[in-house]
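Overview (structure and organization)
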Amino acid sequence: MKVGDAIYLRPQGNAARYSKEIKKAIIKKIGRKYFEVDRPQGRFFISDLMHDGGGYFSSWKGYLSPKDAEDSAEEEEIIKELTLFFNKKITLSLKKLREISAILRQDNADPLKD
């Protein structure tokens with residue numbers, strides 16, 4: 001990461017209520033702990049690319065490529081769908097439940113898998 005590089009910002013929390021658009025920003029300044037971008041104004045932690053919310057929830061999460069930002073948004077949506085689905089009474093057939101169980105066991109077998 002260096003001055004002039006592009007970073008892609010995805011809104012989070014309350015900022016995501018108004019727009020889910022991924023914005024491209026240019027790194028203006030890099031320090032030891034933070035870097036600053038041209039827009040939105042503010043600084044981001046170098047360690048995790050999170051916006052410094054000043055003690056409040058971060059409004060933006062940074063990504064090094066637009067694909068990473070889109071993948072993160074998709075992952076969040078899928079997790080939300082699964083959470084909503086499994087937090088209600090399940091009326092699936094035993095066959096479908098076994099298929100879901102096999103998929104879950106397969107992915108949880110190797111914790112280092114992406």
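The structure displayed is predicted, hence computed values, not measured ones.

1. Some thoughts on the nonpolar core
Ranked by size, the top nonpolar core spans nine residues in total: Ile7, Leu9, Ala25, Ile27, Phe35, Val37, Phe44, Leu49 and Trp60. For this core, the elements supplying multiple residues, two or more each, are strand E1 (6-11), strand E2 (23-30) and strand E3 (34-37). Apart from residues lying up to four places away in sequence, Leu49 is in contact with Met1, Ile7, Phe35, Phe44, Trp60, Lys61, Gly62, Tyr63 and Leu64.

2. Describing the pattern of salt bridges
Counting across every chain of the model gives five salt bridges. We note a salt bridge from Arg10 to Glu76, for which the minimum N-O separation is 3.3 Å. Here the residue Arg10 occupies a position in strand E1, and Glu76 occupies one in helix H2 (residues 66-86), the gap between them amounting to 66 residues. One salt bridge in this structure joins Lys80 and Glu77, with 3.8 Å as the shortest N-O distance. Remark: Glu77 and Lys80 occur in helix H2; sequence separation between them is three residues, near one turn of the helix. You can call Lys80 partly exposed: its relative accessible area is 45%.

Cut-off values and rules
Along each chain, residues carry numbers from 1 onward, in the same order as the chain's sequence is written. Only residues with pLDDT of 70 or above have their local features reported here, since the model is predicted, and side-chain atom pairs are shown and tallied only from 80 upward, although totals for entire chains, interfaces and linings are computed over all residues. Hydrogens and water are ignored here; the side-chain numbers use all heavy atoms of the structure. Each nonpolar core is a collection of buried residues, namely Ala, Val, Leu, Ile, Met, Phe, Trp, Tyr and Cys, held together in the definition by side-chain atoms within 4.5 Å. For the exposure calls, accessible area comes from a 1.4 Å probe over protein chains only, and a residue counts as buried if that area is under 20% of its type's maximum, exposed if over 50%, partly exposed in between. Strands are runs of DSSP state E lasting at least 2 residues, helices are runs of H or I lasting at least 4, and numbering of each runs from the N terminus. Contacts are assigned to residue pairs with any non-hydrogen atoms lying within 4.5 Å of each other. Salt bridge criterion: a side-chain nitrogen from Lys or Arg within 4 Å of a carboxyl oxygen from Asp or Glu.

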